[in-house]
Amino acid sequence: MPHFQPKGGWIEIICGSMFSGKTEELIRRVRRAEIARQHVQVFKPKLDNRYSVSEVASHNGEQTPAEVIERASEILEILRPETTVVAIDEAQFFDAQVADVARILADRGLRVIITGLDLDFRAEPFGPMPLLMAEAEMVDKLHAICVVCAAPASRTQRLINGQPANYTDPVILVGASEVYEARCRDCHKVPGRPELVRNE
Ligand code: TMP
Ligand code: MG
Ligand code: ZN
């Protein structure tokens, strides 16, 4: 939660592995904002239709209504004049422009709450999340529990037919516990991952 009250608008990020409670925390912050009589609009990408098409839903079954968009710039088009808080779930699925949209809203004085996976199944930075985390005033990294060893989990293991997915597999694969589990750095496996991922 924001420990400090910035002047004007700001951006707060809730990131971490799958099953770490990101959406649960987003819903909690949205509820509290509504209790404080703020006007909240919640957005989510169309890509993610796992539990509900018009709701943001956590793995534990909590949900709140959401506006489904394909591109982050749609937020600027459908923003209501009275809105003071914008929440975006699953931001890793948007393109880099989501960082521009977040900045524009915060510059206008809005509170922007964003959740997303900081890392994909390969443990590589996911989409626009590094940009958003750099731009934000506040970043919370939540942890799940490693299903192998019960340590705090910072990573998401993708399993295909029970086997760790290869480094070269496509990054986007919408799913929940049938394909993914939370793991710590030590138990997380990425067959085919080169030692040096980035060229000089
Ligand atoms: P969650 O963070 O709310 O659990 O949702 C994460 C979504 O991202 C889920 O639909 C699975 C998807 N995903 C990918 O597309 N690629 C990945 O590498 C990972 C880890 C998750
Ligand atoms: Mg979620
Ligand atoms: Zn572990």
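Refer to the structure above for everything that follows.
Here's what I pulled together on the structure shown here. This structure is a prediction, so every number in the text was calculated from the model and none was measured.

What counts and how
- Residues numbered from 1 in each chain as written.
- Chains lettered and ligands numbered in written order.
- Predicted model: local features only at pLDDT ≥ 70, side-chain atom pairs only at ≥ 80, totals over all residues.
- Heavy atoms only, no water.
- Donors = N, O, S within 2.8 Å, 3.2 Å for Na, K, Ca; no water.
- Tetrahedral: all angles 85-135°; square planar, octahedral: opposite > 155°, others 65-115°.
- Helix = DSSP H or I, 4+ residues; strand = E, 2+ residues; numbered from the N terminus.
- Buried < 20%, exposed > 50% of the residue type's maximum accessible area, 1.4 Å probe, protein only.
- Salt bridge = Lys/Arg side-chain N within 4 Å of Asp/Glu carboxyl O.

A short note on the coordination of the zinc ion (ligand 3)
For the zinc ion (ligand 3), every protein donor is listed as Cys146 (SG), Cys149 (SG), Cys184 (SG) and Cys187 (SG), and the spread of their distances is 2.2 to 2.4 Å. Because the angles between the 4 donor atoms bound to the zinc ion (ligand 3) fall within 101 to 118 degrees, the donor set is best described as tetrahedral. One chain supplies every donor for the zinc ion (ligand 3), spaced along it as C-x2-C-x34-C-x2-C. Here Cys149, found in the loop between strand S9 (144–145) and strand S10 (152–153), pairs with Cys187, found in the segment after strand S13 (180–183); they are 38 residues apart in sequence, far enough to count as distant. Classification of Cys149 by relative accessible area gives partly exposed; the value is 40%.

Quick notes on the pattern of salt bridges
Per the stated rule, a full pass over the model turns up 16 salt bridges. With a shortest N-O distance of 2.9 Å, Glu12 and Arg29 are connected by a salt bridge. Here Glu12, found in strand S1 (residues 10–16), pairs with Arg29, found in helix H1 (residues 22–35); they are 17 residues apart in sequence, far enough to count as distant. Each member of the pair Glu12 and Arg29 is classed as buried. Residue Glu124 pairs with Arg198 through a salt bridge whose shortest N-O separation is 3.3 Å. With Glu124 in the loop between strand S7 (111–116) and helix H4 (129–135) and Arg198 in the segment after S13, this pair connects stretches of sequence that are 74 residues apart. By relative accessible area, Glu124 is classed as buried at 6%. The exposure class of Arg198 is exposed, given its relative accessible area of 58%. What emerges from the salt-bridge pattern is a single network uniting Glu12, Glu25, Arg28, Arg29, Arg111 and Asp140.

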